[in-house]
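Breakdown of the fold
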Amino acid sequence: MSTTETIDILDVTAIEPRLKHPTIFEWFDQLSGGEAFIIHNDHDPKPLYYQLLGERGNVFKWEYLEQGPELWEVKISKLTPVEEESIGELVAKDFRKAQVFKKYGIDFCCGGKKSITQVCEEKGLDAATIEEELNALTDSPSVSETDFQSWDLSFLADYIVNIHHKYVREAIPALYEYTAKIARVHGGRHPELIEVAKHFTNVANELEAHMPKEERVLFPFIKQVNEAKQKGEKLDRPAFGTLQNPINMMEMEHEAAGTELEAIRTLTHNYALPEDACATYQVAFAKLQEFEDDLFRHIHLENNILFPKALEMEKEVLK
Ligand SMILES: [Fe+2]
Ligand SMILES: [Fe+2]
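Residues numbered from 1 in each chain as written. Chains lettered and ligands numbered in written order. Predicted model: local features only at pLDDT ≥ 70, side-chain atom pairs only at ≥ 80, totals over all residues.

**Quick look at the overall build of the chain**
Check the secondary structure of the chain and you find ten helices and four strands. Helices and strands appear in the chain in the N-to-C order β-α-β-α-β-β-α-α-α-α-α-α-α-α. Computed over C-alpha atoms, the radius of gyration of the chain comes to 21 Å, within 12% of the 20 Å expected from 2.2 N^0.38 for 319 residues, which places it in the range of a compact globule. Considering only C-alpha atoms, the chain reaches an extent of 55 × 55 × 45 Å along its principal axes. Residues classed as buried in the chain amount to 28% of the 319 residues present. (Helix = DSSP H or I, 4+ residues; strand = E, 2+ residues; numbered from the N terminus. Rg over C-alpha atoms; globule rule 2.2 N^0.38 Å. Buried ≥ 20, exposed ≤ 12 C-beta atoms within 10 Å, placed from the backbone.)

**A closer look at the nonpolar core**
Core analysis: the largest hydrophobic core is formed by 35 residues, its most contacted members being Ile 87, Val 91, Phe 101, Phe 108 and Phe 200. Of all the elements, helix 8 (residues 192-231) adds the most residues to this core, at eight residues. Of the residues that make up this core, three or more belong to each of domain 2 (87-139) and domain 3 (148-317). Val 91 has contacts with Lys 97, Ala 98, Phe 101, Phe 108, Gly 112, His 300 and Asn 304, leaving out every residue within four places of it along the chain. (Core = buried A, V, L, I, M, F, W, Y, C linked by C-beta atoms within 7 Å. Domains from an automatic or database assignment. Contact = placed C-beta atoms within 7 Å.)

**Description of the packing of helix 8 against helix 10 (residues 279-317)**
Axis separation between helix 8 and helix 10 bottoms out at 9 Å; the angle between their running directions is 50°. By the criterion of interaxial angle, the relationship of helix 8 to helix 10 is oblique. When the axes of helix 8 and helix 10 are compared, the crossing they make is left-handed. Contacts between helix 8 and helix 10 involve Ile 222, Val 225, Asn 226, Ala 228 and Lys 229 from the first element and Leu 306, Ala 310, Met 313, Glu 314, Glu 316 and Val 317 from the second. (Axes fitted to C-alpha atoms, helices over the stretch in contact; angles between N-to-C directions. Parallel < 35°, antiparallel > 145°, perpendicular 65-115°, else oblique. Left-handed = near helix turned anticlockwise from the far one by under 90°.)

**Focus on the pairing of strand 2 (residues 36-41)**
Pairing analysis gives three bridges linking strand 1 (residues 9-11) to strand 2, with the strands arranged parallel. Along strand 2, the bridge assignment pairs Asp 11 with His 40. Assessed by its sense of winding, the connection that carries the chain from strand 1 through helix 1 (residues 17-30) to strand 2 is right-handed. For strand 2 and strand 4 (residues 72-78), the ladder comprises six bridges, and the chain directions are antiparallel. Pairing of Ala 36 across the sheet is with Ser 77, part of strand 4. (Pairing = 2+ DSSP bridges. Right-handed = clockwise from strand over helix to strand, strands pointing away.)

What follows is the structure in structure tokens.
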């Protein structure tokens, strides 16, 4: 690739372990919009991707030039800031837009920090067509979508736990059973079902570890921040420093869960049922789609409404 000739290469394997991430961040921070550098590593640097996304936001492009088995080569480019709203922000303002994004396989919760232009470029979609459909919605009378934006933050946090965390906990046992059963019965003719069951186990395990962290640490603090703001009081800095830290972690975990569900969608060709699909097969696919739907809505409420609002409020109430 001729364009890579002028780009600096950082050989991560040659850096002392504790300095690896700081050095990469330093290189990144020195870039101007439109500039890039390349990292070389001896394993997949995906954790760095999440760290960069968490700490710097969606201001970079991550391209694998080589993906193992011995060398991983990634081009990291800094984007030129665009004045475009992110997909998450668009959905937070009008939830009906979620349907349009879903139709095109655009993830509006985890990948919601990207703009339409960026996602379309990545997925090879036509941005103009999507914009047209979104605009058509704006013209039609608004259906009664709950206005989560106006909700009190403590109430929203409780709602997420009572509706969405409860749903996840109830849905997991049945889905374990269905996905295991179809893998066992139909795995011979449809080997992708074995992979589907594995991905489901991954996402279920991740969520079972993820939700208690929100329930025990993050949400209670968000509620304290909300109360302090209402009473005009100041709060001591929490043990985790600022809300940004646990929020980064939760967003990384959301992204990981989204990746598992995307893998299931790809493996099943968007949940297409084969002709020999039995009743369990059909129920499993329907239930998996319902699970995905619920999780997208759940993560959307956290990533695009609860977290940004809590971060704003925290600035006002921390001592
Ligand atoms: Fe949650
Ligand atoms: Fe979450």
